[in-house]
Amino acid sequence: MEIRALGGQGLEVGAEGLGLMGMSAHYGATDETESLATIDRALELGVTLLDTAEGYGPFLNEQLLGKALAGRRDAAVVATKTGIEFTDEGALRGHNATPEYIRRSADRSLRHLGTDHIDLYYLHRVDPDVPIEESVGAMAELVAAGKVRHIGLCEAAPATIARAHAVHPLAAVQTEYSLFERGIEYDGVLDTLRELGIGLVAYSPLGRGFLSGAITTPDDFAADDFRRTDPRFQGENFGRNLAVVGQVRRLASEKGVTPSQLALAWTLNRGAVPIPGTKRRRYLEENIAATAVTITDADLAAIDAVAPHGVVCGDRYAPELMKNLNG
């Protein structure tokens, strides 16, 4: 797999990463044995960027990654996140991007990961009650102390990104980006990243699994799968969005690839490092094969025709979570 620069701060990663959240939380039943085997296979295939967060579980996902990397820490670029407060017992308390909490949660993440440094440390969500300069200042102190090597933000507005970058250079911003969600192309985020030389990490590059083509009814979700609360998978929105997926499936078939591979190849073509989440080796292997797919100008035009900005029906999250975006 191609190694590419992620931003302009010297961080290099495999062209496609792996999101680990579903191995521990939010997407139904988990299987630690298969998850560990999937991480092993990812490393074998050239994936280096492994994405977790203290909130996934909480803590279980970081602990899983620590177990997977025991004895081979340098094989991976470990990304984790802070800024959403949990007690040591795992109780959620809400936003907290104060310097004190950032320092405390970083030390806890290091323990759970079984390492002495975090390669890429994100602010998971911007705290509306804490100036971004204070939050990033604390993250910069962690870099100076050797506990963190690079920092980034998740789901931040252009002005916030610029203010943060002025305090300490950001290696990356992570946001949702896919054929289903192209908002950053129009709200100034993508332009800001390009102007400042900040890398783009695309989470949910398969539209929460919709673009895989494997989801045909809301009944495909387990009872505890959080996508049951996602507006894009509810009511009339589901059928309308499924029709878009049908067009993507048609284009993929004409190109001789799977819908997932077409969607990921498009994201790669746009300069992002996608981190599709999966907990099974067979889907991992399918996803990584997308790095060998070439997207032509004709492909881009065809995709734009069936999946333009705004074609998807429904917000990205339930209303109470939407207010946490673009801080």
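Conventions used here
Residues numbered from 1 in each chain as written. Predicted model: local features only at pLDDT ≥ 70, side-chain atom pairs only at ≥ 80, totals over all residues. Heavy atoms only, no water. Helix = DSSP H or I, 4+ residues; strand = E, 2+ residues; numbered from the N terminus. Buried < 20%, exposed > 50% of the residue type's maximum accessible area, 1.4 Å probe, protein only. Contact = heavy atoms within 4.5 Å. Areas by Shrake-Rupley, 256 points an atom, 1.4 Å probe, with all protein chains shown as cover. Lys, Arg positive; Asp, Glu negative; His and termini not counted. Charge placed at Lys NZ, Arg CZ, Asp CG, Glu CD. Pairing = 2+ DSSP bridges. Polar contact = N/O pair within 3.5 Å; in protein donor to acceptor, adjacent residues only side chain to side chain. Core = buried A, V, L, I, M, F, W, Y, C linked by side-chain atoms within 4.5 Å. Salt bridge = Lys/Arg side-chain N within 4 Å of Asp/Glu carboxyl O. Phe/Tyr/Trp six-rings, centres within 6.5 Å; stacked < 30°, edge-to-face > 60°.

1. Observations concerning the overall build of the protein chain
Working step 1: From N to C terminus, the protein chain includes 11 helices and 12 strands.
Working step 2: Overall, the C-alpha framework of the protein chain stretches about 50 × 40 × 40 Å when taken along its three principal axes.
Working step 3: Here the protein chain, with 327 residues, has 58% of them falling under the buried criterion.
Working step 4: A fraction of 73% describes how many contacts in the protein chain between residues 6 or more apart in sequence connect residues 24 or more apart.
Working step 5: Entry remark: accessible area of the protein chain is about 13,100 Å², with carbon and sulfur atoms responsible for 49%.
Working step 6: Side-chain charges in the protein chain split into 32 positive and 45 negative, and the spacing between the mean points of these groups amounts to 2 Å.

2. Observations regarding the pairing of strand β10 (residues 172-176)
Working step 1: Of all five residues making up β10, five are buried, and the element is well covered by its neighbours.
Working step 2: On β10, burial covers both faces: Ala 172, Gln 174 and Glu 176 on one face and Val 173 and Thr 175 on the other are all buried.
Working step 3: Bridge count between strand β9 (residues 148-154) and β10: three bridges; the pairing is parallel. Paired with Leu 153 across the bridge in β10 is Val 173.

3. A few points about the side chain of Thr 115
Working step 1: Considering the arrangement of structural elements, one finds Thr 115 in the loop between α3 (99-113) and β8 (118-123).
Working step 2: Separated by 2.9 Å, the side chains of Thr 115 and Arg 73 make a polar contact.
Working step 3: Excluding residues that lie within four positions of it along the chain, Thr 115 makes contacts with Arg 73 and Leu 110.

4. Focus on the nonpolar core
Working step 1: Counting 76 residues, the largest nonpolar core has Leu 50, Leu 153 and Ile 161 as the members making the most contacts within it.
Working step 2: Considering every element that reaches this core, the biggest residue donor is helix α7 (residues 235-255), with six residues.
Working step 3: Leu 50 has contacts with Leu 18, Leu 20, Ile 39, Leu 43, Leu 65, Leu 69, Ala 76, Val 77, Val 78 and Ala 79, leaving out every residue within four places of it along the chain.
Working step 4: Counting residues in hydrophobic clusters, the runner-up holds 17 residues, among them Leu 6, Leu 11, Val 201 and Tyr 203.

5. Some remarks on the environment of Gln 9
Working step 1: Looking at where Gln 9 falls in the secondary structure, it is placed in the loop between β1 (3-5) and β2 (12-14).
Working step 2: Judged by relative accessible area, Gln 9 falls into the partly exposed class, the value being 33%.
Working step 3: Separated by 163 residues in sequence, Gln 9 and Ala 172 have C-alpha atoms that sit 9.2 Å apart.
Working step 4: Apart from the residues within four sequence positions on either side, Gln 9 is in contact with His 150, His 165, Pro 169, Leu 170 and Ala 171.

6. Let's talk about the pattern of salt bridges
Working step 1: In this structure the tally under the stated criterion is 29 salt bridges.
Working step 2: Between Arg 316 and Glu 176 there is a salt bridge, with the nearest N and O atoms lying 3.2 Å from each other. Of this pair, Arg 316 sits in the loop between α10 (297-306) and α11 (319-322) while Glu 176 is found in strand β10, placing the two residues 140 residues apart along the sequence.
Working step 3: Residue Glu 176 is classed as buried on the basis of its relative accessible area of 1%.
Working step 4: The structure contains a network of salt bridges with shared partners spanning Glu 155, Glu 176, Glu 181, Asp 230, Arg 232 and Arg 316.

7. Quick notes on the side chain of Lys 81
Working step 1: By the element assignment, Lys 81 lies in strand β5 (residues 77-82).
Working step 2: What makes Lys 81 buried here is its relative accessible area of 1%.
Working step 3: Separated by 2.7 Å, the side chain of Lys 81 and the backbone oxygen of Thr 52 make a polar contact.
Working step 4: Of note is the side chain of Lys 81, whose polar atom sits 3.3 Å from the side chain of Tyr 56.
Working step 5: Once residues within four sequence positions are removed from consideration, Lys 81 is found in contact with Asp 51, Thr 52, Ala 53, Glu 54, Tyr 56, Tyr 121, Tyr 122, His 124, Cys 154 and Gln 174.

8. Structural notes on the packing of aromatic side chains
Working step 1: A full pass over the atoms with the stated rule returns eight aromatic pairs.
Working step 2: Between Phe 59 and Phe 86, the aromatic rings sit 6.2 Å apart at their centres with planes inclined by 70°, giving edge-to-face as the arrangement. One end of the pair, Phe 59, is in the loop between β4 (49-51) and α2 (60-68); the other, Phe 86, is in strand β6 (residues 84-86), and 27 residues separate them in sequence.
Working step 3: Classification of Phe 59 as buried rests on a relative accessible area of 6%.
Working step 4: The exposure class assigned to Phe 86 is buried, which follows from its relative accessible area of 9%.
Working step 5: Both rings, one in Phe 180 and one in Phe 210, keep their centres 5.5 Å apart while their planes meet at 65°; by these two values the pair is edge-to-face. Within this pair, whereas Phe 180 is found in the loop between β10 and α6 (189-196), its partner Phe 210 is found in the loop between β11 (199-203) and α7, the two being separated by 30 residues in sequence.
Working step 6: The buried category is assigned to Phe 180, whose relative accessible area is 6%.
Working step 7: Site record: aromatic cluster; members linked through ring pairs are Phe 180, Phe 210, Phe 221, Phe 233 and Phe 238.

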